[in-house]
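Residue strings, one per chain:
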Amino acid sequence: MTNPMKILLIGSGAREHAMARVIALSPLCDELWVAPGNPGIATLNRDHSGAAPTNIIAISANDIADLVAFAVETKISFVVCGPEDPLTLGLYDAMTAAGIACLGPSRAAAALEGSKIMMKDLAQRNNIPTARYEHFTDATAANQFAKKLWDETHKPIVIKTDGLAAGKGVVIAETLAAAAATIDAILVQKKFGPAGDEIIIEEFLTGQELSYFVLSDGTNGVFMGTAEDHKQAFDNDQGPNTGGMGAFTPSPILNAALQAQIERDIVAPTIAGMNSIGAPYVGVLFFGLMVENNHATLLEINIRLGDPEAAVVLETMQTDLLIAMMSAQKHALEDFSIKHWHNQQGQPQTALAVVMAAEGYPEQPQKGQEITLPTSLPDGCRLLHAGTALNSDGKLIASGGRVLTLVATADDIPAARAKIYGAIKTINFPRSFYRSDIGARKKQK
């Protein structure tokens, strides 16, 4: 008889709600703990028959010492991390040192997202196609390079913080004056704190963005799925950059030739390059790509599933996520593949997610307002919690910027859009907003 499997999932967003649902339904999971979780995750056992007992533990995702102590005391079998911050703080290293199996990159390998400069330098050393760039700590030098790019290309200028900035550290300056203002805000005024002590300025790429997900065991990379994200706050890609206002999967621009090029030119050399610097990468790799003329160029690499991309990718994944992640942690992906659901016509299942955000997001989200949820949602729709909490009266309230994520599955994007925008009207969330055009952007060649 095998010992019961106790799983610890770290995080509190819609990504973690999506992960918690599929992990709790895995036959390998006997008990799930989520730190710090959210009110939606707390209802998994009520909402999903067959889900393993699910418990919320009030430990911050970044409190590495308390998370390790809890894992040891509770005899956790396996640890999965949703957000990037704990991994960059050394979660994997600390859990491994305590004898707890944990999926994720080491602290050294987590710098792949923790430092955009490290990622760009890795790409340059390994001939991975990426935009021309330079990095700076001095505003005067940064402005000089920005002007050089502007004079040569007459295209917008991309400015990125080196460190983590909650998905908001990338600015696309449409003019040279806007670039100068952004450089000043980050390097001089310290808008993003230490994350912006150094910045990257890079050439603007045209085309269509693609999110490409891979699970790596340090040697092998297994394809997990694709998605297209909508970053700007408002319809028609207007307004400030956010952590993501919606996404859909699969991306219709992916084809066999493009996927072969991505695997050959980007995925394989990234995994090999990490080995070459003595920091083998184990865990999820999220490649942000720009595709033009059926050729992908690397924009960024993240060390986790995206949010809201996770909501749609996991909704369509047929393979047990827990089995896949445990196989990666055991360096056993050589003959592993991840399968996805298909509809009755044999086409890949479509999933689409829309984020409901609090008024004022991303700059100053209005928190504390009460939310009333419907007793049920239409078939094929699911509600994921992110920035929610319970007040002293036990009422559900908004406690963050991105508050709820609705997910719909259907045979195609138009059908999924019809479902989700019908369901979203049944949620009473005053002073919230959402984009009405998720999945409706025009396709580029």
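Cut-offs and rules
Residues numbered from 1 in each chain as written. Predicted model: local features only at pLDDT ≥ 70, side-chain atom pairs only at ≥ 80, totals over all residues. Heavy atoms only, no water. Phe/Tyr/Trp six-rings, centres within 6.5 Å; stacked < 30°, edge-to-face > 60°. Helix = DSSP H or I, 4+ residues; strand = E, 2+ residues; numbered from the N terminus. Buried < 20%, exposed > 50% of the residue type's maximum accessible area, 1.4 Å probe, protein only. Core = buried A, V, L, I, M, F, W, Y, C linked by side-chain atoms within 4.5 Å. Contact = heavy atoms within 4.5 Å. Pairing = 2+ DSSP bridges. Disulfide = S-S within 2.5 Å. Axes fitted to C-alpha atoms, helices over the stretch in contact; angles between N-to-C directions. Lys, Arg positive; Asp, Glu negative; His and termini not counted. Salt bridge = Lys/Arg side-chain N within 4 Å of Asp/Glu carboxyl O. Polar contact = N/O pair within 3.5 Å; in protein donor to acceptor, adjacent residues only side chain to side chain.

## Let's talk about the packing of aromatic side chains
One pass over the structure, following the stated rule, counts six aromatic pairs. Aromatic side chains tyrosine 212 and phenylalanine 223 sit 5.0 Å apart centroid to centroid with 40° between the ring planes, which places their arrangement in the tilted category. Of this pair, tyrosine 212 sits in strand 9 (residues 208-217) while phenylalanine 223 sits in strand 10 (residues 221-229); the two residues are eleven residues apart in sequence, bridging distant segments of the chain. Under the relative-accessibility criterion, tyrosine 212 is labelled buried at 0%. Taking the relative accessible area as the measure of exposure, phenylalanine 223 reaches 22% and is therefore partly exposed. Between phenylalanine 213 and phenylalanine 286, the aromatic rings sit 4.6 Å apart at their centres with planes inclined by 40°, giving tilted as the arrangement.

## Overview of the nonpolar core
A general feature of soluble globular proteins is that nonpolar side chains tend to end up buried together. Counting residues in hydrophobic clusters, the biggest one holds 49 residues, and the most contacted among them are Leu32, Phe78 and Met224. Examining the composition of this core, we find that seven residues originate from one element, helix 1 (residues 14-24), more than from any other. In contact with phenylalanine 78, other than residues within four places in its own chain, are Met5, Lys6, Ile7, Leu8, Ala101, Cys102, Leu103, Leu322, Met325, Met326 and Gln329.

## Looking at the pairing of strand 4 (residues 78-81)
Residue alternation in strand 4 divides its side chains into two sets, Phe78 and Val80 and Val79 and Cys81, and both sets are buried. Here four bridges tie strand 1 (residues 6-11) to strand 4, and the two strands are oriented parallel to one another. Considered in strand 4, the bridge of leucine 8 is made with valine 79.

## Comments concerning the pairing of strand 12 (residues 238-241)
Alignment of strand 11 (residues 232-234) against strand 12, held across two bridges, turns out to be antiparallel. Residue pairing across strands places phenylalanine 234 opposite glutamine 238, the latter belonging to strand 12. The hairpin formed by strand 11 and strand 12 contains three residues between the paired strands, and asparagine 236 there has a positive phi angle of roughly 60°.

## Some thoughts on the state of the cysteines
Taken as a whole and judged by the stated rule, the model has zero disulfides. The thiol sulfur of cysteine 29 is not disulfide-bonded, and the nearest other cysteine sulfur, from cysteine 102, lies at 15 Å. With no disulfide of its own, cysteine 81 has cysteine 102 as its nearest cysteine by sulfur position, at a separation of 7.1 Å.

## A closer look at the sheet that holds strand 2 (residues 31-36)
An order of 3-2-1-4 is seen for the four strands of this open sheet, with the pairing classed as parallel. One side of each edge strand has no neighbouring strand; the edge strands of this open sheet are strand 3 (54-56) and strand 4. Mean inter-strand twist for the sheet, computed between neighbouring axes without regard to direction, equals 20°. Against the sheet, helix 3 (residues 64-74) makes contact with strand 1 and strand 2, and its axis sits at roughly 165° relative to strand 1, the strand it touches most. Relative to strand 4, helix 12 (residues 321-329) is tilted by about 105°, and along the sheet it contacts strand 1 and strand 4.

## Describing the side chain of glutamate 309
By secondary structure assignment, the location of glutamate 309 is in helix 11 (residues 309-316). As a buried residue without a salt bridge, glutamate 309 has its nearest oppositely charged side chain in lysine 231, at a separation of 5.3 Å. With near-sequence residues (within four places) excluded, glutamate 309 lies in contact with Ser211, Phe213, Ala227, Asp229, Ala247 and Phe286.

## Concerning the sheet that holds strand 8 (residues 199-203)
The strand order across the open sheet built from four strands is 5-8-6-7, with neighbouring strands paired in antiparallel fashion. If you trace the sheet from one side to the other, it starts and ends with strand 5 (133-136) and strand 7 (170-173), each paired once. On average, each strand axis in the sheet is inclined to that of its neighbour by 20°, with strand direction left out of account. Direction of pairing for strand 6 (residues 157-161) relative to strand 7: antiparallel, over a ladder of four bridges. Following the sheet pairing, isoleucine 157 is matched in strand 7 by alanine 173. Relative to strand 6, helix 9 (residues 176-188) is tilted by about 5°, and along the sheet it contacts strand 5, strand 6, strand 7 and strand 8.

## Considerations on the side chain of aspartate 162
Mapped onto the elements of the fold, aspartate 162 is located in the loop between strand 6 and strand 7. Here aspartate 162 is buried and forms no salt bridge, its nearest opposite-charge partner lysine 116 lying at an N-O distance of 7.0 Å. Of the polar contacts made by the side chain of aspartate 162, one reaches the side chain of serine 115; its length is 2.8 Å. When neighbours within four sequence positions are excluded, aspartate 162 is seen to be in contact with Gly114, Ser115, Lys116, Ile117, Ala195, Glu198 and Ile199.

## Some points on unusual backbone geometry
Keep in mind that most residues, glycine aside, have a negative phi and that most peptide bonds are trans. With an omega of -5°, the peptide bond running from alanine 35 to proline 36 counts as cis. On the secondary structure map, proline 36 appears in strand 2. Phi is positive for asparagine 236, which is not a glycine, with a value near 60°. Considering the arrangement of structural elements, one finds asparagine 236 in the loop between strand 11 and strand 12. Classification of asparagine 236 as exposed rests on a relative accessible area of 61%. Of note in this structure, asparagine 294 is not a glycine but carries a positive phi near 60°. Note on placement: asparagine 294 falls in the loop between strand 14 (282-292) and strand 15 (295-302).

Coordinates in, geometry out; function isn't part of it.
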